Amino acid sequence: MRTTVMALMASGTLLAGCSGAGASAHEPPAEQAPRVVSPSPPTPTGACLLLDSARIEQRLGVRMAIAGAANHQKTNSCVARPTEAALPELSLSVSPTKADVAVFKDAMLPDGAKAVSALGKVAYSQLKPAAKGRGPYAEVGWLAGNARLLVLKVTLPEGGDAAALLPAVVELAKDIDRAGV
């Protein structure tokens, strides 16, 4: 009797997969429609929290999207570019610092840099010439009031005019400094 009950239970379990309207041993199971999942845009982290695509477009006249973020030791960086081209490229790095204005001026100010007023505790700007595969770039670095060192750099395609772009990069740096996340 026990063997008969076990055999009936096993056959009932096997047949359960074949039940339903129109199911037979010769019909393949109905296929389910593939589930389409739209990826959500990445959530900004680190230095990317300070970048706003609308503000970048307003200041620089170029629509850019976040291309990547990185963290190395205590420095966070973020890169933004147009979706259809590698350049121009905007990069922002943010590092905590114990430096004060005197240390910044003495040790962190690049040769040939010019002072920028009304940005952080102290700030500089500089232009760098074109190099192989890229155009010139405009850079702004500053010591923020919240003990951070920030460097904003915009690299242009070959033939770009970094000197003409520099005032817009400075204004974008001021926007970032005011955001101060």
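Our structure's up above, just so we're on the same page.
Residues numbered from 1 in each chain as written. Predicted model: local features only at pLDDT ≥ 70, side-chain atom pairs only at ≥ 80, totals over all residues. Heavy atoms only, no water.

A. The arrangement of the pairing of strand β6 (residues 137-143) in detail. With respect to burial, β6 is a largely interior element, seven of its seven residues being buried. Covered by surrounding structure in β6 are Tyr137, Glu139, Gly141 and Leu143 together with Ala138, Val140 and Trp142, the residues of both alternating faces. Looking at chain direction, strand β5 (residues 122-128) and β6 are connected through seven bridges and run antiparallel. Bridge pairing in β6 links Ser125 to Val140. (Buried < 20%, exposed > 50% of the residue type's maximum accessible area, 1.4 Å probe, protein only. Helix = DSSP H or I, 4+ residues; strand = E, 2+ residues; numbered from the N terminus. Pairing = 2+ DSSP bridges.)

B. Looking closely at the nonpolar core. Formed by 32 residues in total, the largest nonpolar core has its most connected members in Leu60, Leu90, Leu92, Trp142, Leu152 and Ile176. Broken down by secondary-structure element, the contributors of at least two residues to this core are α2 (53-60), β2 (75-81), β3 (89-96), β6, β7 (148-155) and α4 (162-179). In terms of residue count, the dominant contributor to this core is α4 (nine residues). What Leu152 contacts, discounting residues up to four positions off in sequence, is Leu90, Ser91, Leu92, Ala138, Glu139, Val140, Trp142, Val169, Leu172, Ala173 and Ile176. (Core = buried A, V, L, I, M, F, W, Y, C linked by side-chain atoms within 4.5 Å. Contact = heavy atoms within 4.5 Å.)

C. Summary view of α4. Taking 1.5 Å of rise per residue, the 18 residues of α4 would be expected to cover 26 Å, and the 25 Å separating its terminal C-alpha atoms lies within 8% of that figure. Of all the residues in α4, the buried ones are Ala162, Leu165, Leu166, Ala168, Val169, Val170, Leu172, Ala173, Lys174, Asp175 and Ile176. On its buried face, α4 is in contact with α2, β3, β5, β6 and β7. Measuring from the side-chain oxygen of the N-cap residue of α4 to the backbone nitrogen of Ala163 gives 3.3 Å; that N-cap residue is Asp161. A positive backbone phi angle near 40 degrees is found at Gly180, which sits one or two residues after α4. (Expected span 1.5 Å × (residues − 1). Polar contact = N/O pair within 3.5 Å; in protein donor to acceptor, adjacent residues only side chain to side chain.)

D. Summary view of the environment of Leu143. Within the element layout of this structure, Leu143 appears in strand β6. Counting along the chain gives 34 residues from Leu143 to Asp177, while the straight-line C-alpha distance between them is 9.5 Å. Those residues in contact with Leu143 that sit more than four places away from it in its chain are Thr97, Ala99, Asp100, Val101, Phe104, Gly120, Lys121, Val122 and Arg148.

E. Local environment of the pattern of salt bridges. Within this structure, the stated rule accounts for six salt bridges. A salt bridge links Arg59 to Asp175; the shortest N-O distance between them is 2.7 Å. With Arg59 in helix α2 and Asp175 in helix α4, this residue pair connects regions lying 116 residues apart in the sequence. For Asp175, a relative accessible area of 11% gives the class buried. Its salt-bridge partner being Asp175, residue Arg178 comes within 2.7 Å of it at the nearest N-O pair. Of this pair, Arg178 and Asp175 are both found in helix α4, three residues apart, which corresponds to roughly one turn of the helix. The structure contains a network of salt bridges with shared partners spanning Arg55, Arg59, Asp175 and Arg178. (Salt bridge = Lys/Arg side-chain N within 4 Å of Asp/Glu carboxyl O.)

F. Quick look at the packing of α2 against α4. Relative orientation of the contacting elements α2 and α4 amounts to 150 degrees, with a least axis distance of 9 Å. Here α2 is positioned roughly antiparallel relative to α4, judged by the angle of their axes. The crossing of α2 and α4 is right-handed. Each of Arg55, Ile56, Arg59 and Leu60 in α2 lies in contact with α4, whose residues at this interface are Leu165, Ala168, Val169, Glu171, Leu172, Asp175 and Arg178. (Axes fitted to C-alpha atoms, helices over the stretch in contact; angles between N-to-C directions. Parallel < 35°, antiparallel > 145°, perpendicular 65-115°, else oblique. Left-handed = near helix turned anticlockwise from the far one by under 90°.)

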